[in-house]
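Chain by chain, the residues run as shown.
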Amino acid sequence: MGRRGGRGLYVGRRAAALLAALLLALLAALLALAALYGRCRQEAPPPPPPASPAGPGRGRGPGPGPAAAAAPPGPAAAAGLGRRLPRHLVPLHYDLELWPQVRPGQAGPFAFSGQVNITVRCRQDTDAAVLHSSGLRSRGAAAVRGPLPEPGAAVEVAGLRQEAAGEVAVLELRGRLRAGRRYVLQLGFQGRLEEDLDGLFLTRYTDQGRSSMVIASQLEPTYARTVYPCFDEPAMKATFNIRIIHDPSYVALSNMPAIDVSEMKDENGSLWAVTTFNTSLKMSTYLTAFVICDFDYVTRTERGNKIRIWARKEAVKNGYVDYALNITGPVFSFLEDLLNVSYPLPKTDLVALPDFGAGAMENWGLMTFQESSLMFLPSDKFTSRKAMIAIMVSHELGHQWFGNLVTMNWWNDLWLNEGLASYFEYLGATFVESKISLDKIFYDRVVQPVLREDNEIGVRSLSESEDKIKGSFSLMSLFDSITYNKGASITWMLSGFLTQKLFIRALTLYLKEFSFSNANQDDLWTHIQMVIDAQDEVQLPAPVKQIMDSWTCQNGFPVLTLNLTTGTISQEQFLNKKNEKSTDSYNNTWIIPISWMRNGSSQPLMWLDKSSKVFPEMQVSESEYDWILLNVNLSGYYRVNYDQLNLKRLARLLENDPKAIPAVSRFQLIDDVFALTQFGYIQIETALELTKYLAREDELFVWNVVLLNLVPENLESTLKNYEVYPLLKKYLLKRMLPIYHYYAGFIHQNVDALEGDYFAQVYLEKLFATACWLGLQDCLNLSSELYAKWMDNPEYEYLQYGLSDTLFSSSCTSVIILYVVTKDIGHRIAWEFVTENWPLLSERYGKELLHDVLKVMGRYVNTDVQIQELQVFYNATLEEDERVATTLLLEFTKFENMERRELLSKVASWLQKNVDD
């Protein structure tokens, strides 16, 4: 599944029309306003996952049963998500007919019905057949035929019982199914077709001025059971014959090519089309897919693979999906050649859905995407938008091997799907967009963000035990940055110390061994070990399983502390020193590959396989030009804490010759020292010493990590209230001028010259916003000029725009409000907007928006009056439980403010001494 969120770029301020002070960031309006709607829908931070994919409000209707219908699954259904089916029966093949009873222009409510015949093999004698079913009603009598191939043989069904809490249907039998025999379970079913973006759902949209509807599916992780009774576990793979009945004006798509389209009449004599699809390959239920639409498509064939991109007619006509078509075939070929495993299907459809809960979904042969994840305006020249589409498409194409061909055995190893796909998405994207640096974009978008999340007590490990993912554990919570970004980061590190040649060789063996089957992470380690044992170029300090389990089976990551005088490196889990506590079984020891350089020369890879170890090679002389750099190019998933001696030498080196340290390592060095400051390992003054060189820093992605640490967006207003601001202004502007003028020149003269500069398009907003915030007159003038052009579009009410029913999801609305609230003048405007519109906001978005908005607003309470005002609002608008929670949040924010004041005092003191350097 595509990432449900990401790092977004959001622009525009209603308040800019009121006061010139907001010109500080309006360059962003020019650079990104056109992409706001698409990016917001694609990349806005997702709402917290629900406690259960089948929780309250799904409205699927009662469950199957010949007697009284069961209640729809509610909160108790969460317990069923981790429940494993008994292994008495194993599915071999499904014959599935699906009939969504929808006509164009129909008002609803909508329903679907169907029939499924499941051929199973009995592994153990049983008098009951248990399979998944959630929110479905039975239609007709259930039956069991067999044993096969005896003609006419059957086992009588005594009853069909629905267990809503476990999301299972139980066929109670009067006879027994015998081990070694095959049977066919026959079940008719019906359900409600909702507009909730899960299971089988319906979406309304407008195309060429006409209202229309599309029916689509999203079945990962456990929604297949809401569409048809099935063995809804990833390891219970089977083949499928699928038949879809639909309105003749629509086209039906599924995993395989259509082999026949016929007609039938219903009991009222109305005509329906019947599309029959070829037999599928062996696959998991969550990968079955259905789309019924009146879209158009563009097509081409790559190595016998017929590729079609489907979208609204207007989008296809305007060429919005041409870019996706142009890159899909080449990425397919790139992955086939790299992995030496051919794509096994004869066709691939990619469908751009007007509304879709996931960014994208990798269904075998029928991938579905949110429109903004797949569409590119031909007039848009900039690489950043292409890159986002290339990354998304490459992720789903990577899944065709990692997830579809070989599937994790159970959800505890979901990273084998998502982590590996997230690794290959960057290889594929930079293959088709060669102007983008693979190393830089990978560290910027993958490694650095997850390092900032994977350091809290309670964060889970990458691979959990199967037993742990049971009971009330929410499978949806596994689709997070740990699975995606940490999984990709660990994969990157693994490929680095193995060499990509050996790593890919091992993956090829793994894919061929487990094709059309399932695997766990030990299976991957075994195949890597086989490759390592068959060569003598790469030597490892321990078995592959022992090395990799230390990274995947315990939470968090290490920080390495280097003592240059003794050459000693020690490791410990990177945790907040104020709240250190850990209880995992590995005793916080990782087997760590250490890439390093000395005085600019790369050195042989070292390994730290215990809590502390002396490396004589890393002892340095008294010369100030003798320095060590660990984790070169961020090849390992850890942070580095240097002693004062080495940090002084690195700071001096940066001032004299910053290019002596690779750009990615400069990025890492700065990010590490500020993270170490935040967590109490070193003092803020030490981190600030490494910023003195910045006048010579010409990499925007390095500047971005500097500004994220020195001028966090949520602290811009706060910083202006303290003595640190005039000092920071003088210190930082002096260092920003070279890179600012370099890019301002392009903005003034030839912005098209930045067409291929991904990081300029993504991070110029932060650079220019900061320059304007610091009062740089040239920036203010330029922003004013650009803003005047932008305001030619009249009556642009940005905050009200966020309440639009059709343009934004709830996460986008909260992002818009939060973006305004972080600005100096925007805080008051946002406060008034929230208080005036609270009934609507509360009704539409509830606690999700409440938590985000009030948490951020609480950060700006600097006076007793503001605290009282916020508390009065809490008391007047919130329920008691919410009021208690948000009041505690306010108290915590006040404590944060106090800590921040202490920190800013130290920063001001340091700046006072160094501002003229």
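See the structure above.
Remember, it's a predicted structure, so these values are computed and weren't measured experimentally. (Residues numbered from 1 in each chain as written. Predicted model: local features only at pLDDT ≥ 70, side-chain atom pairs only at ≥ 80, totals over all residues. Heavy atoms only, no water.)

**Topic: helix α7 (residues 415-432)**
1) Next: Across its 18 residues, α7 extends 25 Å between first and last C-alpha, which sits within 8% of the 26 Å expected from 1.5 Å per residue.
2) Next: Counting buried residues along α7, 16 of its 18 residues qualify, which places the element largely inside the surrounding structure. (Helix = DSSP H or I, 4+ residues; strand = E, 2+ residues; numbered from the N terminus. Expected span 1.5 Å × (residues − 1). Buried < 20%, exposed > 50% of the residue type's maximum accessible area, 1.4 Å probe, protein only.)

**Here we look at the state of the cysteines**
1) Next: Applying the stated criterion across every chain yields a total of 1 disulfide.
2) Next: With a sulfur-sulfur separation of 2.1 Å, Cys 772 is cross-linked through a disulfide to Cys 779. Residues Cys 772 and Cys 779 share a disulfide whose torsion about the S-S bond is about -90°; that sign makes it left-handed.
3) Next: Overall, the relative accessible area of 0% leaves Cys 779 in the buried class. (Disulfide = S-S within 2.5 Å.)

**Some thoughts on the packing of α7 against helix α8 (residues 438-451)**
1) Next: Contact geometry of α7 with α8 gives a least axis separation of 10 Å together with a crossing angle of 140°. Judged on the interaxial angle alone, α8 and α7 are oblique. Regarding α7 and α8, the two cross each other, and that crossing is right-handed. Seen from α7, the contacting residues are Ser 422, Tyr 423, Tyr 426, Leu 427 and Thr 430; seen from α8, they are Leu 438, Ile 441, Phe 442, Arg 445 and Val 446.
2) Next: Split by residue class, the contact of α7 with α8 holds 7 nonpolar, 2 polar and 1 charged. (Axes fitted to C-alpha atoms, helices over the stretch in contact; angles between N-to-C directions. Parallel < 35°, antiparallel > 145°, perpendicular 65-115°, else oblique. Left-handed = near helix turned anticlockwise from the far one by under 90°. Contact = heavy atoms within 4.5 Å. Nonpolar A, V, L, I, M, F, W, Y, C, P; charged D, E, K, R; others polar.)

**Description of the pairing of strand β12 (residues 239-246)**
1) Next: One ladder, built from 6 bridges, connects strand β1 (residues 89-100) with β12; its direction is parallel. Bridge pairing links Asp 95 to Asn 241 in β12.
2) Next: Of the pairings in the sheet, the one linking β12 to strand β15 (residues 271-277) comprises 4 bridges and is antiparallel in character. If you follow Ile 245 over to β15, its bridge partner there is Val 274. (Pairing = 2+ DSSP bridges.)

**Observations concerning the sheet that holds strand β7 (residues 157-163)**
1) Next: Read from one edge to the other, the open sheet built from 3 strands follows the order β3-β8-β7, with strand pairing classed as antiparallel. At either margin of the open sheet sits one strand with a lone partner, and together these are β3 (126-132) and β7. Between one strand and the next, the sheet's axes are offset by a mean angle of 20°, whatever the strand orientation.

**Describing the pattern of salt bridges**
Side-chain pairs of opposite charge can arise where the charged atoms are in close proximity.
1) Next: Enumeration according to the criterion identifies 38 salt bridges in this entry.
2) Next: Put simply, Arg 308 and Asp 349 hold a salt bridge, and the shortest N to O gap is 2.7 Å. Pair noted here: Arg 308 is in strand β18 (residues 305-311) and Asp 349 is in strand β19 (residues 347-353), with a separation of 41 residues, a long-range link.
3) Next: In this structure, a network of salt bridges that share partners links the residues Arg 84, Arg 87, Glu 233 and Glu 466. (Salt bridge = Lys/Arg side-chain N within 4 Å of Asp/Glu carboxyl O.)

**Description of the packing of aromatic side chains**
For any pair of aromatic rings, geometry is given as the distance between the ring centres together with the angle between the planes.
1) Next: Applying the stated criterion to the full structure yields 40 aromatic pairs.
2) Next: Taken together, a centroid distance of 5.3 Å and an interplanar angle of 55° make the contact between Tyr 286 and Trp 411 tilted. Residue Tyr 286 is found in the loop between β15 and β16 (290-293), and its partner Trp 411 is found in the loop between β22 (406-408) and α7; the two are separated by 125 residues along the sequence. Considered together, Tyr 286 and Trp 411 belong to a single accessibility category, that of buried residues.
3) Next: The rings of Phe 402, Tyr 423, Phe 424, Tyr 426, Phe 442, Tyr 443, Trp 492 and Phe 503 are connected pair by pair, giving a single aromatic cluster. (Phe/Tyr/Trp six-rings, centres within 6.5 Å; stacked < 30°, edge-to-face > 60°.)

**Some details on the nonpolar core**
1) Next: Core analysis: the largest hydrophobic core is formed by 271 residues, its most contacted members being Tyr 228, Phe 231, Phe 290, Trp 401, Ile 594, Leu 630 and Phe 768.
2) Next: No other element matches the 13 residues that helix α18 (residues 724-749) contributes to this core.
3) Next: Judged by nonpolar contacts, the second largest core, of 14 residues, contains Val 820, Val 834, Leu 841 and Leu 890. (Core = buried A, V, L, I, M, F, W, Y, C linked by side-chain atoms within 4.5 Å.)

**Digging into the packing of helix α19 (residues 758-773) against helix α20 (residues 777-790)**
1) Next: Running from N to C, α19 and α20 point in directions that differ by 115°, and their axes come no closer than 7 Å. The handedness of the crossing between α19 and α20 comes out as left-handed. For the pair formed by α19 and α20, the contact residues are Phe 768, Ala 771 and Cys 772 on the first element and Cys 779, Leu 780, Leu 782 and Ser 783 on the second.
2) Next: Tallied by class, the residues present in the contact of α19 with α20 amount to 6 nonpolar, 1 polar and no charged.

**Comments concerning the side chain of Ser 254**
1) Next: With respect to the element layout, Ser 254 can be found in strand β13 (residues 251-254).
2) Next: A distance of 2.9 Å separates a polar atom in the side chain of Ser 254 from the backbone oxygen of Ala 289.
3) Next: Apart from the residues within four sequence positions on either side, Ser 254 is in contact with Ile 242, Phe 277, Ala 289, Phe 290, Lys 347, Gly 365 and Leu 366. (Polar contact = N/O pair within 3.5 Å; in protein donor to acceptor, adjacent residues only side chain to side chain.)

**Let's talk about the environment of Arg 901**
1) Next: Assignment of secondary structure puts Arg 901 in helix α26 (residues 880-914).
2) Next: Separated by 179 residues in the primary sequence, Arg 901 and Tyr 722 have C-alpha atoms spaced 8.3 Å apart.

**Comments concerning the sheet that holds strand β24 (residues 558-563)**
1) Next: In space, the 4 strands of this open sheet follow the order β28-β25-β24-β30, with mixed pairing throughout. Each of the sheet's edge strands pairs with one partner strand only, and the pair in question is β28 (612-614) and β30 (639-642). Strand after strand, the sheet turns through a mean of 20° between neighbouring axes, direction not considered.
2) Next: Sheet topology note: the strand β25 (residues 568-573)/β28 ladder contains 3 bridges and is antiparallel.

**Things to note about a nonpolar patch on the surface**
1) Next: Nonpolar side chains collect at one region of the surface, where Phe 892, Phe 895 and Met 898 lie side by side and expose about 300 Å² of accessible area between them.
2) Next: Looking at the element boundaries, Phe 895 is found in helix α26.
3) Next: Classification of Phe 895 by relative accessible area gives partly exposed; the value is 40%. (Patch = residues over 30% accessible without salt bridge, like charges linked within 9 Å, V, L, I, M, F, W, Y side chains within 5 Å. Areas by Shrake-Rupley, 256 points an atom, 1.4 Å probe, with all protein chains shown as cover.)

**Focus on unusual backbone geometry**
Most peptide bonds take the trans form, and the phi angle of most residues other than glycine is negative.
1) Next: Cis geometry is adopted by the peptide bond preceding Pro 147, which originates at Gly 146 and carries an omega value of 10°.
2) Next: Structurally, Pro 147 can be placed in strand β5 (residues 143-148).
3) Next: Pro 221 follows Glu 220 through a cis peptide bond whose omega is 0°.
4) Next: Summarising the element assignment, Pro 221 is placed in the loop between β11 (210-218) and β12.
5) Next: Of note, Arg 303 is a non-glycine position whose phi angle comes to about 50°, a positive value.
6) Next: With respect to the helices and strands, Arg 303 occurs in the loop between β17 (296-302) and β18.

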